[in-house]
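# Architecture at a glance
Chain residues, written in single-letter form:
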Amino acid sequence: FADSGCKEKYFNALFKEIELRKDIFETCVADTVFIGGGTPSFVDAKYIKKALSMLDIKPDAEITIEANPGTLNDEKLKIYRDCGINRISLGVQSLNDSELKTIGRIHSAYEVNKSVEMILKWGFSNYNLDLENKDFKSLFKEYENMYSTYYMNENNVATINFAYHQGDITIYPD
């Protein structure tokens, strides 16, 4: 979506498709919605909000959006929260700045931490960090700031604690 005209055309076609298939959607109530496949957080949140408003979604549904750290801001997160999104899948890939540059990512390790802070600030307690080909041992060895990022979510503390007690990771003191 290099230009906004292309985005507008794409989303207008999507909204039209949802309308054309309304008879199918009327008989379905979603208990899970996953907005992904690329970087949906790259586009204006108004498109995501409108698409969600056209669907019948259970009040307690898990609604996830994939996001990249370099594309999040307070305005988007507020809209996501207000339209019912309750889980963020953050496409971190790596916490090593040179690796991020090599694979063409638009964010830095610092921006990952800032994004997690914003996610928590806007009340998202359910989020995950997508990392490429890493295990706990290499994460903690290579990325000292991974512990502080992962520790921000109490759901992940149990995972780290379990891995630690199984001997899969070593947590280095400050």
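All of these numbers come straight from a predicted model, not from anything done at the bench.

When its secondary structure is counted, the protein shows nine helices and four strands. In the protein, the succession of α and β elements from N to C terminus is α-α-β-α-β-α-β-α-α-β-α-α-α. Looking at the protein as a whole, 38% of its 174 residues qualify as buried. As displayed, the protein offers around 10,400 Å² of accessible surface, 50% of which is attributable to carbon and sulfur atoms.

Both faces of the sheet carry side chains from a regular strand, because those side chains alternate between them. Within strand 3 (residues 87-93), seven of the seven residues are buried, which leaves the element mostly enclosed by the surrounding structure. By the bridge criterion, four bridges tie strand 2 (residues 57-67) to strand 3 in an arrangement that is parallel. Each bridged residue has a counterpart across the sheet, and for Thr64 the counterpart in strand 3 is Arg87. Direction of pairing for strand 3 relative to strand 4 (residues 127-131): parallel, over a ladder of four bridges. Paired with Leu90 across the bridge in strand 4 is Leu129.

Attention now goes to the sheet that holds strand 1 (residues 30-35). Spatially, 1-2-3-4 is the arrangement adopted by the four strands of the open sheet, whose pairing is parallel. This sheet does not close on itself; its edge strands, each paired only once, are strand 1 and strand 4. Averaged over all adjacent pairs, the angle separating strand axes in this sheet is 15 degrees, with direction ignored.

Here we come to the side chain of His107. Within the element layout of this structure, His107 appears in the loop between helix 5 (97-102) and helix 6 (109-121). When residues no more than four places from it in sequence are discounted, the contact partners of His107 are Pro69, Gly70, Gly91, Val92, Ser94, Leu100 and Val112.

The final tally for this structure, using the stated rule, is three aromatic pairs. For the ring pair Tyr10 and Phe11, a centre distance of 5.0 Å and an interplane angle of 90 degrees mean the geometry is edge-to-face. On the accessibility criterion, Tyr10 (43% relative accessible area) is partly exposed. Relative to Phe15, the ring of Phe11 has its centre 6.1 Å away and its plane inclined at 40 degrees; by these criteria the two rings are tilted. Residue Phe11 and its partner Phe15 are located together in helix 1 (residues 4-20), separated by four residues, close to a single helical turn. Both residues of the pair, Phe11 and Phe15, belong to the buried class. By way of ring pairs, the aromatic residues Tyr10, Phe11, Phe15 and Tyr47 are connected into one cluster.

Once that is clear, we can look at helix 4 (residues 74-82). By the burial criterion, the buried members of helix 4 are Lys76, Leu77 and Tyr80. Projected down its long axis, helix 4 carries its buried residues within an arc of 95 degrees, all on one side. Residue Gly84 follows helix 4 closely and has a positive phi angle near 105 degrees.

Right, let's get into the pattern of salt bridges. On inspection of all chains with the given rule, the structure shows five salt bridges. With its nearest N and O atoms 2.6 Å apart, the salt bridge here joins Lys78 to Asp82. One end of the pair, Lys78, and the other, Asp82, are both in helix 4, four residues apart, so they sit about a helical turn from each other. Here Lys78 falls in the partly exposed class, since its relative accessible area comes to 37%. Put simply, Glu117 and Lys114 hold a salt bridge, and the shortest N to O gap is 3.0 Å. Here Glu117 pairs with Lys114, and both are found in helix 6, just three residues apart, close to one helical turn. When salt bridges that share partners are traced, they join Lys78, Arg81 and Asp82 into one network.

Scoring rules and cut-offs
Residues numbered from 1 in each chain as written. Predicted model: local features only at pLDDT ≥ 70, side-chain atom pairs only at ≥ 80, totals over all residues. Heavy atoms only, no water. Helix = DSSP H or I, 4+ residues; strand = E, 2+ residues; numbered from the N terminus. Buried < 20%, exposed > 50% of the residue type's maximum accessible area, 1.4 Å probe, protein only. Areas by Shrake-Rupley, 256 points an atom, 1.4 Å probe, with all protein chains shown as cover. Pairing = 2+ DSSP bridges. Axes fitted to C-alpha atoms, helices over the stretch in contact; angles between N-to-C directions. Contact = heavy atoms within 4.5 Å. Phe/Tyr/Trp six-rings, centres within 6.5 Å; stacked < 30°, edge-to-face > 60°. Arc of directions from axis to C-beta. Salt bridge = Lys/Arg side-chain N within 4 Å of Asp/Glu carboxyl O.

The quantities given are spatial measurements derived from coordinates; they are silent on function.
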